[in-house]
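# Examining the three-dimensional arrangement
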Amino acid sequence: MLVSGFTRRLRVVALLLFASALISLTAWNFFARWRPSTASYPIQGVDVGEADGPIDWWEARKSGVQFVYARATIGNRGRDSRFAEHWRNAAEAGLQRGALHVYAICELGSAQAGNFVSTVARGDDQLSPAILFDLSDDCPLPAREALLPEIADFVAAVETHTGKRAILGITKRFEGVYQLSTLSTAPLWARGAFFAPGYLARPWTMWQASRLRRVEGAAGALNWDVMAP
């Protein structure tokens, strides 16, 4: 009897584990395929960096990718090792492309602009340059009155170089500290998984809606973005 009771409990545990795994797999498949409605947001694409590996952009188009933001530079010295590859191959596949800079809040804006300008060539066929702003754990938070002029210097230099207005990608925690969206009329890029974000002071131009989207031609999940209609 004791053995029989143990066997029944073991079967129940096994069934529960199987059910849990099945639910997890179903949820993962749903989120990996999910994207905002194309009726509401007709223009959709991805933002990528070296961690995403090589991508077959011709194949990616089959999953609805219409534009690509490729990370180009980080701070005043960092450069994405796959930027040139993504930049060239996305264009060859007929996709719109834009360059992304990850802003380092404890480095001079002018030095960071020099890094971006020397990495990203000017071209009429590219989207507005994008700048990602987030807090850093590598240094103390600079005072708002010290950081904002550095950002202004960077944005001015990048816009002069590209001939296009920059789009500001602002995370929720960065906005909570610096309220950057209240200070500029520049287009904004917000982040919010699966639900349209509302933490910025003005309507966003672009929304990173998912970080789990699976597309043809990519080995792993990519960041999925949509443009405001």
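This one's a predicted model, so the numbers in the text were calculated from it and none came from an experiment.

You will see that Gln 179, though not glycine, has its phi angle at about 45 degrees, which is positive. In this structure Gln 179 comes out as partly exposed when scored by relative accessible area, which is 29%. Positive phi, normally seen in glycine, also occurs at Phe 194, with a value near 75 degrees. Within the secondary structure, Phe 194 sits in the loop between β7 (188-191) and β8 (206-213). What makes Phe 194 partly exposed here is its relative accessible area of 23%.

Here we come to the state of the cysteines. For the coordinates displayed, the defined rule picks out one disulfide. Residue Cys 106 pairs covalently with Cys 139 via a disulfide, S to S 1.6 Å. What sets the handedness of the Cys 106 and Cys 139 disulfide is the S-S torsion sign, and at about 80 degrees it is right-handed. Residue Cys 106 is found in the loop between β4 (96-102) and α4 (109-119), and its partner Cys 139 is found in the loop between β5 (130-133) and α5 (144-162); the two are separated by 33 residues along the sequence. Classification of Cys 106 by relative accessible area gives partly exposed; the value is 42%.

Moving on, we get to the pairing of strand β9 (residues 222-227). With respect to burial, β9 is a largely interior element, six of its six residues being buried. Across four bridges, the pairing between strand β1 (residues 44-48) and β9 is antiparallel. Residue pairing across strands places Gln 44 opposite Val 226, the latter belonging to β9. By the bridge criterion, five bridges tie β8 to β9 in an arrangement that is antiparallel. Directly across from Gln 208, in β9, lies its bridge partner Asp 225.

Attention shifts here to the pairing of β1. The element β1 is extensively covered by neighbouring structure, given that five of its five residues are classed as buried. Residues Gln 44, Val 46 and Val 48 line one face of β1 and the alternating positions Gly 45 and Asp 47 line the opposite face, and both faces are buried.

Moving on: the nonpolar core. General note: in soluble globular proteins, nonpolar side chains tend to be found buried as a group. Counting residues in each nonpolar core, the largest one holds 50 residues, and the members touching the most others are Trp 57, Val 65, Phe 133, Leu 168 and Phe 174. Considering every element that reaches this core, the biggest residue donor is α5, with five residues. Residue contacts for Val 65: discarding those within four places in its chain leaves Gln 44, Gly 45, Val 46, Trp 57, Ala 60, Leu 95, Val 215 and Trp 224. Ranked by size, the runner-up nonpolar core spans 10 residues in total, among them Phe 67, Ile 167, Met 206 and Met 227.

A few words now on the packing of α4 against α5. Their axes nearest at 8 Å, the elements α4 and α5 cross at an angle of 25 degrees. Taken together, the axes of α4 and α5 lie roughly parallel to each other. Pair α4 / α5 crosses with right-handed handedness. Of the residues in α5, those touching α4 at Gly 109, Ser 110, Gln 112, Ala 113, Phe 116 and Val 117 are Glu 150, Phe 154, Ala 157, Val 158, His 161 and Thr 162.

Locating Asp 225 in the fold gives a position in strand β9. Buried charged residue Asp 225 carries no salt bridge. Nearest counter-charge: Arg 191, at 5.7 Å. Here Asp 47 takes part through its backbone nitrogen, which lies 3.1 Å from a polar atom of the side chain of Asp 225. Residues in contact with Asp 225, not counting those within four places in the same chain, are Ile 43, Gln 44, Gly 45, Val 46, Asp 47, Phe 67, Trp 189, Met 206, Trp 207, Gln 208 and Ala 209.

We now examine the confidence of the model for the protein. Chain-level pLDDT for the protein is 90 on average; 86% of the residues reach the 70-or-more range. A low-confidence stretch, residues 12-28 stays under pLDDT 50, and its non-local contacts, those more than four residues away or across chains, total two contacts.

Now for α4. The set of residues buried in α4 consists of Gly 109, Gln 112, Ala 113, Asn 115 and Phe 116. The arc that holds the buried residues of α4, viewed along the axis, is 160 degrees, so those residues lie on one side. Looking at the buried positions of α4, the neighbouring elements they touch are β2 (67-74), β3 (78-79), β4 and α5.

The rules we used
- Residues numbered from 1 in each chain as written.
- Predicted model: local features only at pLDDT ≥ 70, side-chain atom pairs only at ≥ 80, totals over all residues.
- Heavy atoms only, no water.
- Buried < 20%, exposed > 50% of the residue type's maximum accessible area, 1.4 Å probe, protein only.
- Helix = DSSP H or I, 4+ residues; strand = E, 2+ residues; numbered from the N terminus.
- Disulfide = S-S within 2.5 Å.
- Pairing = 2+ DSSP bridges.
- Core = buried A, V, L, I, M, F, W, Y, C linked by side-chain atoms within 4.5 Å.
- Contact = heavy atoms within 4.5 Å.
- Axes fitted to C-alpha atoms, helices over the stretch in contact; angles between N-to-C directions.
- Parallel < 35°, antiparallel > 145°, perpendicular 65-115°, else oblique.
- Left-handed = near helix turned anticlockwise from the far one by under 90°.
- Lys, Arg positive; Asp, Glu negative; His and termini not counted.
- Salt bridge = Lys/Arg side-chain N within 4 Å of Asp/Glu carboxyl O.
- Polar contact = N/O pair within 3.5 Å; in protein donor to acceptor, adjacent residues only side chain to side chain.
- pLDDT = per-residue confidence, 0-100.
- Arc of directions from axis to C-beta.

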